[in-house]
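Structural characterization, general
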Amino acid sequence: MPQKVAIESWDPEYGVPSSESPAEETDVEIDPDIEVPLAQWTPISSQGLESDAKLVFIDGVRRIDANAWLDDGVGPLRQGMFASFAAGAVEVGDRANLDHIEIRRGLFAPGSPEAFSTRAGTYRPFGVAGRGANELSAALQERLGALEIEVAGSVENQAQLIVVDGPLYRRQHLPRTIGYIKTHRVHYLSGDAEATVAALAPRERTPLFRFRTSWTRNSWYLRLPGPMAHAWSGIVRIEASADLDVEECVSLAELSCRTLPRFASAPHKDPRAPQNLYPIAGLERELRRRLGDPSYIERSLRAAAG
Amino acid sequence: MDETHLVGRVLGTDDATPLSFWVALGAQQYLQLDDVVALERPLPQGRQVRIYGLVTQVRARHEGARFDSDVFLIEDGILPAEVSQAAQVMATRFEPEIFVPPLPGQPVYKAVGTDRDMALFFDGMAKRLPAGLTRDDEPLYANLEFLDGTRGAHVNISGISGVATKTTYATFLLFSLFQSDVLGGEAINTKALIYNVKGEDLLFLDRTNAELTEEDRARYDRLGLTPGAFDSVEFWAPPRRDDPSATPDVATRQKGVTSYFWTLAEFCQERLLPFVFADAEDDRQQYTIVIHNVVDRLAREAQPLPDGGVAIDGQTITDFEALAQLIADRLQDDLTMPDWAGRAIGQGTVNAFVRRLFGAVRHLRHLIRGDVSNPERHRVQRQAQLTVVDIHNLNDRAKRFVVGVTLRRAFDEKERAGLQRPLLFVVLDELNKYAPREGSSPIKEILVDMSERGRSLGIILIGAQQTASEVERRIVSNSSLRIVGRLDAAEAGRDEYGFLPAVHRQRSTILKPGTMILSQPELPIPLVTQFPFPAWATRPSEASASTTSGKSDDPFKGLG
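All residue numbers refer to position in the chain's written sequence, counted from 1. Here chains are named by letter from A upward and ligands by number from 1 upward, in the order in which they appear as written. Under the rules for a predicted model, residues below a pLDDT of 70 receive no local features and side-chain atom pairs below 80 are neither given nor counted, while totals for whole chains, interfaces and linings still include all residues.

What follows is about the overall build of chain A. Helix numbering and strand numbering both begin at the N terminus, where a helix is a DSSP run of H or I of at least 4 residues and a strand a DSSP run of E of at least 2. Looking only at helices and strands, chain A has five helices and 14 strands in total. As a reference, a globule follows 2.2 Å times the number of residues to the power 0.38, and the radius of gyration itself is taken over C-alpha atoms. A compact globule built from 306 residues should have a C-alpha radius of gyration of about 19 Å, and chain A, at 21 Å, falls within 12% of that. Scored against the burial criterion, the 306 residues of chain A give a buried share of 43%. The contact criterion used is a C-beta to C-beta distance within 7 Å, with each C-beta placed from the backbone. Sequence-distant contacts, at least 24 apart, represent 64% of the contacts inside chain A between residues at least 6 apart. Put simply, a residue is buried when 20 or more other C-beta atoms lie within 10 Å of its own C-beta and exposed when 12 or fewer do; between those, it is partly exposed, and each C-beta is set from the backbone.

Next up on the list: the overall build of chain B. Within chain B one finds 15 helices and 23 strands. Projected onto its principal axes, the C-alpha coordinates of chain B cover approximately 95 × 55 × 55 Å. Taken over 560 residues, chain B has a buried fraction of 49%. Look at the contacts in chain B between residues 6 or more apart in sequence, and 73% of them connect residues 24 or more apart.

On to unusual backbone geometry, then. Residue and element names in this part refer to chain B. Along the chain, Glu95 connects to Pro96 via a cis peptide bond; the corresponding omega equals -5°. Among the secondary structure elements, Pro96 is positioned in the loop between strand 5 (82-95) and strand 6 (107-110). Between Arg421 and the following residue, Pro422, the backbone shows a cis peptide bond with an omega angle of -10°. Mapped onto the elements of the fold, Pro422 is located in the loop between helix 10 (396-417) and strand 19 (424-428). The phi dihedral of Glu430 falls on the positive side, at around 60°, and the residue is not glycine.

What follows is about the sheet that holds strand 5 of chain B. Residue and element names in this part refer to chain B. Strands qualify as paired when DSSP identifies two bridges or more between them. The six strands are arranged 1-2-5-4-3-6 in a closed barrel whose pairing can be described as antiparallel. This sheet shows a mean twist of 40° between the axes of neighbouring strands, independent of strand direction. As paired strands, strand 1 (residues 6-10) and strand 2 (residues 20-25) are joined by three bridges and run antiparallel to one another. What sits directly across from Gly8, in strand 2, is Leu25. Axis angles are defined between N-to-C directions and span 0 to 180 degrees, where every axis is a line fitted to C-alpha atoms and, for a helix, only to the segment in contact.

The next point concerns the interface of chain B and chain A. Facing eight residues of chain B, the contacting portion of chain A comprises 17 residues. Lys, Arg, Asp and Glu make up the charged group, whereas Ala, Val, Leu, Ile, Met, Phe, Trp, Tyr, Cys and Pro make up the nonpolar group; the residues left over, Gly among them, are polar. Here the residues of the side of chain B that touches chain A are counted per class, giving six nonpolar, two polar and no charged.

Moving on to the sheet that holds strand 16 (residues 315-317) of chain B. What holds strands together in a sheet is hydrogen bonding between their backbones, with the strands either parallel or antiparallel. In space, the three strands of this open sheet follow the order 14-15-16 (chain B), with antiparallel pairing throughout. The open sheet has two free edges, formed respectively by strand 14 (303-304) and strand 16 of chain B, since each of these has just one partner strand.

Expected span of a helix: the number of residues minus one, times 1.5 Å. Taking 1.5 Å per residue, twelve residues should reach 16 Å; helix 5 (residues 294-305) of chain A reaches 16 Å between its end C-alpha atoms and fits that length. Positive backbone phi, at 80°, marks Gly306 of chain A, one or two positions downstream of helix 5 of chain A.

All names here are of chain B. Contact geometry for helix 10 and helix 12 (residues 442-457): axes closest at 10 Å, N-to-C directions at 30°. If you check the angle between helix 10 and helix 12, you find them roughly parallel. For the pair helix 10 and helix 12, the crossing hand works out as left-handed. Contact residues: helix 10 offers Arg400, Val403, Gly404, Leu407, Arg408, Phe411, Lys414 and Glu415, while helix 12 offers Pro442, Ile443, Ile446, Met450 and Leu457. Split into classes, the residues belonging to the contact of helix 10 with helix 12 amount to eight nonpolar, one polar and four charged. Oblique is the label for any angle not under 35 degrees, not over 145, and not in the 65 to 115 range, which are roughly parallel, roughly antiparallel and roughly perpendicular in turn. Crossing handedness is read from the near helix: turned anticlockwise from the far helix by less than a right angle, it gives a left-handed crossing, and turned clockwise, a right-handed one.

Here the focus is the environment of Asn293 of chain B. All names here are of chain B. Position of Asn293 among the secondary structure elements: in helix 6 (residues 288-301). For Asn293, a count of 19 C-beta atoms within 10 Å translates into the label partly exposed. Note: C-alpha distance between Asn293 and Trp340 (47 residues apart in sequence) is 5.9 Å.

Here we come to the nonpolar core. Judged by nonpolar contacts, the single largest core of 134 residues is most densely connected at Leu174, Val388, Val426 and Val427 of chain B. Built from parts of two domains, this core gets at least three residues from each of domain 2 (128-259 + 380-542) and domain 3 (262-369) of chain B. Each residue touching Val427 of chain B, except ones within four places of it in the same chain, is listed here: Ala170, Leu174, Ala192, Ile194, Tyr195 and Ile462 of chain B. Core analysis: the next-biggest nonpolar cluster, separate from the first, contains 80 residues, Ala66, Leu144, Ala159 and Ala281 of chain A among them. Note on terminology: a nonpolar core is a set of buried residues of type Ala, Val, Leu, Ile, Met, Phe, Trp, Tyr or Cys, with members joined through C-beta atoms within 7 Å. For every domain, the bounds stem from an assignment made automatically or drawn from a database.

A few words now on the confidence of the model for chain B. All names here are of chain B. For chain B, per-residue confidence averages 88 on the pLDDT scale, and residues scoring 70 or more make up 96% of the total. Confidence per residue, as judged by the predictor, is encoded in pLDDT with a range of 0 to 100. The weakest mean pLDDT in chain B belongs to helix 8 (residues 337-341) at 84; the strongest belongs to strand 2 at 96. Per the prediction output, this complex has pTM 0.80; the corresponding ipTM is 0.81.

A word on helix 4 (residues 278-290) of chain A. Taking 1.5 Å of rise per residue, the 13 residues of helix 4 of chain A would be expected to cover 18 Å, and the 18 Å separating its terminal C-alpha atoms lies within 8% of that figure. Within helix 4 of chain A the residues assigned to the buried category are Tyr278, Pro279, Ile280, Ala281, Gly282, Leu283, Glu286 and Leu287 of chain A. Of the surrounding elements, those touching the buried residues of helix 4 of chain A are strand 4 (55-71), strand 5 (78-92), strand 6 (96-110) and strand 9 (161-165) of chain A together with helix 1 (70-75) of chain B. Taken from the residues just after helix 4 of chain A, Gly292 of chain A is the one with a positive phi, measuring 100°.

This paragraph deals with the packing of helix 7 (residues 320-332) of chain B against helix 9 (residues 347-364) of chain B. Residue and element names in this part refer to chain B. Remark: helix 7 packs on helix 9, axes separated minimally by 9 Å, with the N-to-C direction vectors making an angle of 175°. On the basis of the axis angle, helix 7 is roughly antiparallel to helix 9. On the side of helix 7, the interface is formed by Phe320, Glu321, Ala324, Ile327, Ala328 and Leu331, while helix 9 contributes Val350, Phe353, Val354, Leu357, Phe358, Val361 and Leu364. A per-class count over the contact of helix 7 with helix 9 returns twelve nonpolar, no polar and one charged.

On average, chain A scores 85 in pLDDT, and the residues at 70 or more come to 92%. Taken as a whole, residues 14-25 of chain A scores under 50 in pLDDT and shows 23 contacts with residues more than four places along the chain or in a different chain.

Its location among the elements puts Lys512 of chain B in the loop between helix 15 (502-508) and strand 22 (515-519). Residues Lys512 of chain B and Gly485 of chain B, 27 residues apart in the sequence, show an inter-C-alpha distance of 8.1 Å.

All names here are of chain B. Residue placement: Asn393 occurs in the loop between strand 18 (386-390) and helix 10. Judged by local crowding, Asn393 falls into the partly exposed class, with 16 C-beta atoms found within 10 Å. Each C-alpha atom of the pair Asn393 and Gly77 lies 65 Å from the other, and the pair is 316 residues apart in sequence. Setting aside residues up to four positions removed in sequence, Asn393 forms contacts with Pro238 and Asp249.

Printed below as a string of C-alpha cells:
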C-alpha cells in the first residue's frame, strides 16, 4: 500500500519542541591555564581594532512546515515531520555578499518514508531511528548541521576566518573556523575567571580556556561594543577546535577580537543586539525568505496529501 | 523580441494589471523613463497576446535592508543586501485586444524596430509627422490625420514662458510639416500664419542657424528632415509710431520686413471697429449695441479716398483720431445721435462707448490710418508659405486688434474659398489673452469658431498659452494634439491636464527647454519628446549671413 500522509492540524510552532543547542551540557571539566595561568587572568585587548580580513559567516535555519501522520497500512500510525531547512554563507570583504545558499526540504519519519512531491517542491525522505517528536527534531538538526558543513566546505578556501553561528558541534574539523555562541546556558567559569569576564571592556577577550564534556573545545569570551546594562552585556563565547595548538587558537582569538566587534548590531535594529551580528542576521532573514512562504507551503502540502 | 533585448521579468510582488505593471530588471540591465517595452502573454488554445508599454517610472532599492540606515551597513560591507531595480510600465497596446494582465515571471523585452512602432501606434499611421526624438534619438511621430482635419485637428501647447519653448516647438512642427513629405504635393501650397509675440525671435526664420552643430544635424537626419531655414517667409511688423512714412518698427532686422496697417477705408468697410473693443460681444455690456450701430453707420457713410482715408459727410479723415472724434461728435450731437447710436440709448451708454474708443486711439493710431500712399503694400498678404506677423511691440489692445482682424480675414478667405485644402496653419501664443475662459470678445468668437469649424475649413490652430486653465475650454478640448512643456507645479495639478498620468504631471514640472510631453488621440500615454535645436535662427546672433537652406528659390516668388 502506498504511503498515506495526514497533515497535523496544529500549527507546527506548537508541535514538536526542538532543542537547538544539543551541544551544551553542564557536566564539564575546565582547564583555564592553556594560554596564561589562572592567577594571571586579565582582559586581553586586541592589537589593532578593525581588520579588513576576509570573513565568512555561516548559518542555517530550519522550519517545521507541517507535522504529519504516516500510515503504510502495515505497521502502526507513525508521526512524521515535513521540514524545510537552509544553510548559507555571507562573505565579508569590501562588501557583504550572500553566497552558497542551499535549501532542502525533507520528510522526517521513523522507518523508511517515501519522497513526497508537492507544488512547492519534493520533500526528500529521511528515515529516523526513534519514534518520538524529539528524535525527529534531532534528525532535522543533524541534517541542518550537515548542510552547514557542506556550505562551509564550499567557501573555506576563500576566508581567513569562518564564523559558524552556534557551537562548533561537528564542525570542528573545518579549518580556521570558530563557533560563535550568543547565549550562555552554561557558566563554564567561576571565581576569578568569571570576574575577568565581567571586567572585559568592549573588544577585549578573556584568555583561552579548555573545557571537556563528551567533547573538548578551546574557548574564550569576548565583549562586543554596545550599551553596558550589566556585567554580561554584549558577551559572546567563542570556541575553536581543541585539535589546534595553542598558538593557532590564540591567533584565531586575536582575529576574532579585531574583526567581530565591527559587525555587532544596534539594539534598535535587532532584538538580540549586539550579539546577533549583522551579517548573520541578514543571512538568517534571507534564508528564512528562501524557505518560502509558510502558509503557501502548508497549503501545497495539504493539497498534495489530498 | 529576441533574447538580446531581454531586460527583465514581470514581477509578482506588485499587482500586474492590463494598464500598468512592474518589471524587475536583470542584473546588468537598465530601463529609463520613456523606454518602450514589449512582451508576449500566452492564452489557452495556444493564442498569444502581445502587450506593449512605456516605462513611466523606474525604481531601485535594497533588498534585505529594513532600516534606512542599513544602507551604511551595506556599503561598509557589514550587512548583506542586494540592489534590485524595477520599472513601471504603462501599457499602450494589446494585440489582439484582449485586456489581460501580463503574468509574473514573463520575460520583458526592450521594443525596437517594428515592435516599437507597434507600441507607439506608428505602424498604423498612414501619414507620420516627425514630432521629435526620444532621449536616445529615436524618432517620434504624430499622426497627421489628427492634425489635418481628417480625424481631428488643432494643437494646444501649454507651458511656462521662457522655459517651455512653446513657440519654438510650434515652429518646429511647421518646419516638420513643410519639410517632411508628409503633406505630399500639398506641402507647397500649405501656408502658415505665425504671430511673433516675444522679442524679435521669429524675424529670422528665413536664416539658417549658424550655431547648429553636426550632432543637431544628425538629429534632423534621424527625423528624415533636412536642417535649414524656412524657404518662403514674409515678415510683417507694425509701423513706427509717429512715422509718416510707416517704416516697420523692428530693431534687429532692416531688410525684408514690411510694415502693416489698415486703412480707414478698410476699417469702415470691413467693419473692424468691434475688434477695437475687448468685450464687444459681451451681452452684459450695454454699450456693445452702440458699437454695432456705429459699425453699420461707418460702412454705409464712409467714402474711400485714394490713400486709404475716408470722407464722411464730406469731411475728409486721414487718421484714426479724427475718425474717433467724428464718431464722438456724431454720438454726442442730439441730432445725429439716434442715427449713430441707435434708439433709446442712454447718454451714459454712449459715454461708455466714447470713453473706450478714445482709450484705444493712442494704441491704434499707427495701425489704422489713411495717410500713406500705396496702402495696399501694407496689407498683410500671406503670399509666402510662412507669414510672420510681429505684434510684440504692441499694447494688448492693439495686439487683440491685429490678431483679431488678421484671423478674421484668413478665416473669411478660407470660408469663401470653400476648399479644405490646402491647409492654413495659424500659430498663436498667449491664447489666454485672446480667448480667456471668462467673457466674450470678437476675437474669442473667431478662435472658438476656428477650433470648432476649422477642421472642415482647413484652418488649423496651433495655440499656446502659459496656463490652459485660463483659456476657453472649447478651444483646448477641440485640440487633438496636446503638448505640454515645463509647467508650474500648481498648474500641473489642474483638471486641464487630466490627459497626463500622475507621473507625467510630476515630470512636467522639471522638463528642460527642448523637451515636451506630447499627447495624441491614438496613444493612451503621452510621449516625452525632445525636438532638435532650431535649424533656423531664433535671434540675430544665430543668423548666418546667407539664407541658404539647401533648397531652391522661393517657390512662391512671383506668384503674388
